Structures are given as C-alpha cells and as structure tokens.
Amino acid sequence: MKVLVTEKIADKGIEALKNSGMEVDVDFQLCVERERLLDVIKNYDAIVVRSVTKVNEEFYQHATNLKVVGRAGNGVDNIEMEGATKRGIIVVNTPEANTVSAAEHSIGLLIASCRNIPQANGFIKNRNWDRSGFKGVELQGKTLGIVGLGRIGSLVATRMQSFGMKVVAYDPYITEERFKKFGVEKKEKLEDLVKESDFISIHTPKTEETFGMIGEKEFKLAKKGVRVVNCARGGIICEDALVKAMKEGIVASAGIDVLVDEPNTTSPLLDIDNVIITPHLGADTVEAQDNVGVTIAHEVVSALKGEMVPNAVNLPTLHHHELESLQSYLELGEVLGKLYHQLERDAIQKIEVIYSGAVAEMETSVITLAILKGVFEPILKERVNYVNASLIAKNRGISVVESKETVNGNYMNKIRVNIVTKDKTFTVAGTIFAKKDARIVEVNGFEFDVIPMPYMLVANNHDKPGMIGQMGTLLGASKVNIATMQVSRNFKAKEAMMFLTVDSEVAKETLNLIGNIDGIIKINFVKL
Ligand SMILES: NC(=O)C1=CN([C@@H]2O[C@H](COP(=O)(O)OP(=O)(O)OC[C@H]3O[C@@H](n4cnc5c(N)ncnc54)[C@H](O)[C@@H]3O)[C@@H](O)[C@H]2O)C=CC1
Ligand SMILES: O=C(O)C(=O)COP(=O)(O)O
C-alpha cells in the first residue's frame, strides 16, 4: 500500500506508517503544486493532508486508487465529504489530538491582543523603549462570549474562568447539561451574546451557517471596545466587516490565527495595528503534532486494512472504548452478511436486522454497516467498505430496516438477519459468547453452534443414513481435512443442514462430486 504525505506531519507519524509496512512518499510541495498532485495521486492508496491540500471533486476524479484520506488535524473543511463517501473513500481525522494546543493558542491571542504584547515587542526590538500607547485591559470581571461550546470552546471556557471572567456561550446544538457542566451561561441567540460580551472567541467549524456569522450586523450590536479572537476558521468573522469595525473603533483588538484564503500575506487585516495575526499556528506545538502524527498514521493503516476506525468522519462517530466493545459484533455482523451470497443467488429486496439483548443497547447502526459490507463483499470484493455499504444498498434498491428487542430467548445477545427476496426469506442469526467469541446459531431455521472459520462447507441434505460418511470420503480423497462438523435437522421436513469447517479450499470438482451424492440437495463452499 502506498501513502502520500503532502503536508508536514511529525517524523513519528511517518515512522509509524513505515513500521506498519506502508510505502511512504513525502512531498510538501504537492499541497500547492496542484497539477503535479493531480498527476501523481492515481499511484496512491492513501493521502495524508493538513489544512492546505484541497481534496475536492477534481482531486477525487484523478485519485482512482485512493481508499483513505487522513486529515492530520481537526477541521475537514478542505475535504469534500460527498465525493469521498460515494467512492467509498474513508476520511479520518484526529479531532482530539490538537484541541489543547488550539485552546491555549486562542487564549494566547486573547491576552496578547488585549495587552498589545506583539506590538510592544516590535517597538523594543527596534531599540525603542516607549511605554506609552500600549495600555491594555484586564480580563478579570469581564464577560467572555464563546461561540461554539465544543471541544476547544469548552477548554477555553474553563481556563478563562480561572482568570475571573464570566463566560457565556452560544451553541444551539448542545444540551443544557453541557452548559451547566462547564459553568457557562447559555445564550439563546447570537445577538444576546454579542450585546453582552467584552471579548468574543470563535470555536465553531466552518459551515454554511457559520461562515460570516459575525458580520456588520453583529458588530453594530456589539459593545464599543469589544475584543475578538478567531482561532477556528477564516471567514467565520467576516474579514471586511472586522476591518470596518476596527476602523470605526467598535472593535478594540483582534487576535486572528486563520484567514479566509491561506496562505495569505495580503489581507487588509495585516495593515491594522490592533490586529495581531499568526499564520494558522493553533495546532503547532510539539505535543499536538506528535499526537496528531502518530494518531493519523494508526488510523490510516487501520482504514486501509478495512477496519472500523474511531475517527472516521464519513461514518457514525465512535469513541475508542465503544469501538473496543463493538469489535466482536462487527466481525460477527460481517460473517452473517457474507453467508448470503455464498449460499443463495436471488436478488435482495430488503434486509431486516433484529438486535436483541445486550447488543440492542449498542451503536447498532455500525453493526448494520458491517452486515451490509459482508453481504456485498463476496460479489463486489474490495469495492465495498463501511463508508459506502449503505449507499450500495440504496443504489441497488435494497431497503435496510433495523429493529431492537429487549427479550432475547436463550441468548444474552443475538443478531438476526432476514434477507428478503422476491420468493423467500433467508435467515441467519449469531451471538457473541464471553464478550468476544462469535457463533452462528441459526440458518433458515436450522439451529447450530458454529465457530465461524475461514473455510466452510455448507450442505443441505435429506435426513437419511450415509450422508456424512459419503461426504467425508470424498473430502478425504481430495486431501481436504475436516476440522469440525455440525448437523442440524428438521424432523418434519426430513431435511438436515451440515456445517463443516475445513483446513483448505475445496476444489470445484470435489464440490460437484459431493453435489451428485444421492440425498444432497445443495452444497456450497463458503469463504469468510
Ligand atoms: N487554528 C487551528 O490551528 C485549529 C483550529 N481548529 C478549529 O477549531 C474549531 C473548533 O474545533 P472543535 O472544538 O474541535 O470542534 P467541535 O466540533 O468539538 O465544536 C464545535 C462546536 O460548534 C458548535 N456549532 C456548530 N454550528 C454552530 C453555530 N451555527 N452556532 C454556534 N455553535 C455552532 C457545535 O455544536 C459544536 O459544539 C473548528 O473550526 C476547527 O477546525 C481546530 C484545531 C486547530
Ligand atoms: O486541526 C485543525 O483544524 C487545524 O486548523 C490545524 O490545521 P493544520 O494542521 O495546522 O494545517
């Protein structure tokens, strides 16, 4: 697998990629040399970027082998998600790895701007000892308005409370409990926050809704002398409106880490004395970059192996501990799904998944994705993964229905999959024992206790003497070793079903011979 790294990540991250067996090319010019990037990207299975490389539709059209986009950092506004999802490209990021650095940089900008530290430093470095013109303001007793009380906003909130600030926040998408947890007063409307705040710090993602959310209208409502900080994304505070509000004396100072267009050395904000600007340094600390580099390397490798990754942006959000407890269920889900196309041929109309017992309490949407991945893998191979599995089902006109039951019969947990076709319904069920051991416990009404293995033979036969012996003889003659065997019978129908796990692949000729045994209704070789 080949990985291209187009922006600086920690050496530890590159090493981690290489140590996992990846072939890694590092070329930092490619984040700006577009033509060259578009030319070479077809050679790579994964790309690792930061905030400069534009990963958009044009890029995807050239990236014909790409499976993973790794964003070594938090914001993914430079990565078009729809184009990735429809191609089954997994986008992973490291949202937790640089939050402390970004919060500390926001606070640094806030203090440095309201105490004129960079300006005064510039003076004295030019050998001017001048103490006039740099008078600042205190933070204690002032109101800080935080827009976006997420990971970084909440870190800034709690830290600034220790400076004696009153903290209010506007974030319509989080619960009252989260405001309470951080001792922050909730503002129902952005304008209420703007009217009341002495300092405003932005911590939202860049979205259609947030872009330009602090503009001329907001500055008109703001307290005269308000001070602003933007260490989130350029343009959330409208740059033209900020320039105007500063010239009019509405905004006393601004600390800015991000601009609409980056890299940028021509912004009008650069000409205003009371604006201090850093070139997108929020995540640039030793700790954050080591953290980001190593985390993204592990995530890219896992995603390339087709594993579920905690920080996949175009998949349901999972935390590490959730993923750990889900892992066995994901594996079981794939096994259950994989059985269908290896045992049946009919086109699927609907897939029903019924979760019962303990598993019903989990993030089952991800297990359903694992089942869908399993269903399509035997016919689509590597073109199906967690990201595009539900899109594939939708495009094939297959409806997917999930339901949950608290009662679970004989099992602590059970996943039942009903695959509905025009004329019949194929049913398979499985369970997890002792938190990690998968078992197939039912196929089409036949009960089993089968440990899924890489190679299995599944037979339907008339329930009469000699079936097992004849199969065993044919397998032995073709040097296939039988590892385990289970038979389940339906007395009424006088039919039985056999699951044999074998140590090697079974040749087509042997399968044909078994299929010709009198009494064998159906024989299939299943690979998991
Ligand atoms: N300057 C830098 O180097 C860095 C910048 N960032 C940026 O910081 C920002 C915040 O990152 P996190 O705290 O990790 O994100 P987060 O997702 O944890 O929090 C964002 C919060 O904004 C809220 N929000 C969304 N739309 C909103 C709206 N219209 N009005 C009010 N609130 C809204 C969300 O509900 C959420 O609580 C992002 O833009 C990220 O890209 C992150 C790391 C480094
Ligand atoms: O992680 C983020 O969202 C950042 O803004 C940091 O961006 P960078 O990786 O420094 O280009």
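Criteria and thresholds
Residues numbered from 1 in each chain as written. Chains lettered and ligands numbered in written order. Predicted model: local features only at pLDDT ≥ 70, side-chain atom pairs only at ≥ 80, totals over all residues. UniProt positions renumbered as here; feature names shortened; annotations may be inferred. Near = placed C-beta within 6 Å. Helix = DSSP H or I, 4+ residues; strand = E, 2+ residues; numbered from the N terminus. Domains from an automatic or database assignment. Pairing = 2+ DSSP bridges. Buried ≥ 20, exposed ≤ 12 C-beta atoms within 10 Å, placed from the backbone. Arc of directions from axis to C-beta. Contact = placed C-beta atoms within 7 Å. Axes fitted to C-alpha atoms, helices over the stretch in contact; angles between N-to-C directions. Left-handed = near helix turned anticlockwise from the far one by under 90°. Nonpolar A, V, L, I, M, F, W, Y, C, P; charged D, E, K, R; others polar. pLDDT = per-residue confidence, 0-100. Core = buried A, V, L, I, M, F, W, Y, C linked by C-beta atoms within 7 Å.

As recorded in an unreviewed UniProt entry, the protein chain goes by D-3-phosphoglycerate dehydrogenase and comes from Natronincola peptidivorans. Taken directly from UniProt, the Sequence similarities (unreviewed entry) text for the protein chain runs: "Belongs to the D-isomer specific 2-hydroxyacid dehydrogenase family." Turning to the protein chain, the UniProt annotation filed under Function (unreviewed entry) states: "Catalyzes the reversible oxidation of 3-phospho-D-glycerate to 3-phosphonooxypyruvate, the first step of the phosphorylated L-serine biosynthesis pathway. Also catalyzes the reversible oxidation of 2-hydroxyglutarate to 2-oxoglutarate."

Q: I'd like to hear about the site of ligand 1, residue by residue, with values.
A: Inspection of the region around ligand 1 gives 33 residues, with Gly75, Gly148, Gly150, Tyr173 and Gly282 positioned closest. At the level of elements, helix 5 (99-114) and helix 7 (151-161) are the ones that each hand at least two residues to the shell around ligand 1. Here the element with the most residues in the shell around ligand 1 is helix 7; it accounts for three residues. Both of domain 1 (2-96 + 287-304) and domain 2 (99-277) provide at least three residues apiece to the shell around ligand 1.

Q: Please provide a residue-by-residue account of the pairing of strand 17 (residues 437-443), values included.
A: Pairing analysis gives six bridges linking strand 16 (residues 425-433) to strand 17, with the strands arranged antiparallel. What sits directly across from Ala429, in strand 17, is Glu442. Two successive antiparallel strands, strand 16 and strand 17, enclose a turn made up of three residues, where Ala434 displays a positive phi of approximately 45 degrees. The pairing of strand 17 with strand 18 (residues 446-450) spans three bridges and is classified as antiparallel.

Q: Tell me about the UniProt feature "domain: ACT" (unreviewed entry) in the protein chain, residues and numbers included.
A: Taking the numbering used here, the UniProt-annotated feature "domain: ACT" (unreviewed entry) corresponds to residues 456-528. Between the C-alpha atoms that bound residues 456-528 there is a distance of 8 Å. The span itself is 26% helix and 44% strand.

Q: Would you mind going over helix 16 (residues 467-477) in detail, with residue names and values included?
A: Three or more residues of helix 16 are buried, namely Met467, Met471 and Leu475. Taken end-on, helix 16 shows its buried residues confined to a sector of 55 degrees, consistent with a single buried face. Projecting away from the buried face of helix 16 at angles above 90 degrees are the exposed residues Gly469, Gly476 and Ala477. Contacts made by the buried residues of helix 16 are with strand 19 (455-462), strand 20 (482-490), strand 21 (495-502) and helix 17 (508-515). One or two residues past the end of helix 16 sits Lys479, with phi positive at roughly 65 degrees.

Q: Explain the packing of helix 13 (residues 320-343) against helix 14 (residues 364-380) to me, and be specific about the residues and the numbers.
A: At their nearest, the axes of helix 13 and helix 14 sit 7 Å apart, and the two run at 35 degrees to each other. In this structure, helix 13 meets helix 14 at a crossing whose hand is right-handed. The residues of helix 14 that touch helix 13, namely those facing Leu326, Tyr329, Leu330, Gly333, Glu334, Val335, Leu336, Gly337, Lys338, Tyr340, His341 and Gln342, are Val366, Ile367, Ala370, Ile371, Leu372, Lys373, Gly374, Val375, Glu377, Pro378 and Ile379. The class makeup of the residues in the contact of helix 13 with helix 14 is 14 nonpolar, five polar and four charged.

Q: So what's going on with the confidence of the model for the protein chain? Residues and values would help.
A: The predicted model of the protein chain averages 95 in pLDDT, with 100% of residues at 70 or higher. Complex prediction metrics read pTM 0.82 and ipTM 0.99.

Q: Summarise the domain arrangement of the protein chain; cite the residues concerned and give the values.
A: One can read the domain layout of the protein chain as domain 1 (2-96 + 287-304), domain 2 (99-277), domain 3 (316-450) and domain 4 (453-528). On a C-alpha basis, the centroid separation for the pair domain 2 and domain 3 is 48 Å.

Q: Residues and numbers for the nonpolar core, please.
A: The biggest cluster of nonpolar side chains holds 148 residues, and the ones touching the most others in it are Val48 and Val300. Broken down by element, this core gets its largest block of residues, nine residues, from helix 12 (residues 286-304). With sequence-adjacent residues up to four places away left out, Val300 is seen in contact with Val3, Leu17, Ala46, Val48, Val68, Gly70 and Val92.

Q: Before we move on, could you go through the sheet that holds strand 21 and cite the residues and values that matter?
A: Strand order in this open sheet of four strands is 20-21-19-22, and the pairing throughout is antiparallel. Across the chains shown, the open sheet's two edge strands, defined by having one partner strand only, are strand 20 and strand 22 (520-527). Ignoring strand direction, the axes of neighbouring strands in this sheet form an average angle of 15 degrees. Looking at chain direction, strand 19 and strand 22 are connected through seven bridges and run antiparallel. Note on strand 22: the bridge partner recorded for Asn461 is Ile520. Packed onto the sheet, helix 13 meets strand 19 and strand 22 and runs at close to 130 degrees relative to strand 22.

Q: Just give me the short version of the environment of Lys54, but keep the residues and values in it.
A: In this structure, Lys54 sits in the loop between strand 3 (46-49) and helix 3 (57-62). Measuring from C-alpha to C-alpha, the distance between Lys54 and Asn78 comes to 5.2 Å, with 24 residues separating the pair along the chain. Every residue in contact with Lys54, bar those within four places of it in the chain, is listed here: Phe59 and Asn78.

Q: So what's going on with the sheet that holds strand 18? Which residues, and what values?
A: Within the open sheet, the six strands sit side by side as 14-13-15-16-17-18. Their pairing is mixed. If you trace the sheet from one side to the other, it starts and ends with strand 14 (399-405) and strand 18, each paired once. Along the sheet, successive strands turn relative to each other by an average axial angle of 20 degrees, direction set aside. The pairing of strand 15 (residues 413-421) with strand 16 spans six bridges and is classified as antiparallel. Paired with Ile419 across the strands is Phe426, a residue of strand 16. Across the face of the sheet, helix 13 comes into contact with strand 15, strand 16 and strand 17 while running at roughly 155 degrees to strand 16.

Q: Describe unusual backbone geometry, naming the residues involved and giving the relevant values.
A: Residue Pro263 is reached from Glu262 by a cis peptide bond, and omega for that bond is -5 degrees. In this structure, Pro263 sits in the loop between strand 11 (251-256) and strand 12 (275-277). Positive phi, close to 55 degrees, is recorded for His280, a residue that is not glycine. Position of His280 among the secondary structure elements: in the loop between strand 12 and helix 12. One non-glycine residue with positive phi stands out, namely Lys494, at about 55 degrees. As for its placement among the helices and strands, Lys494 is situated in the loop between strand 20 and strand 21.

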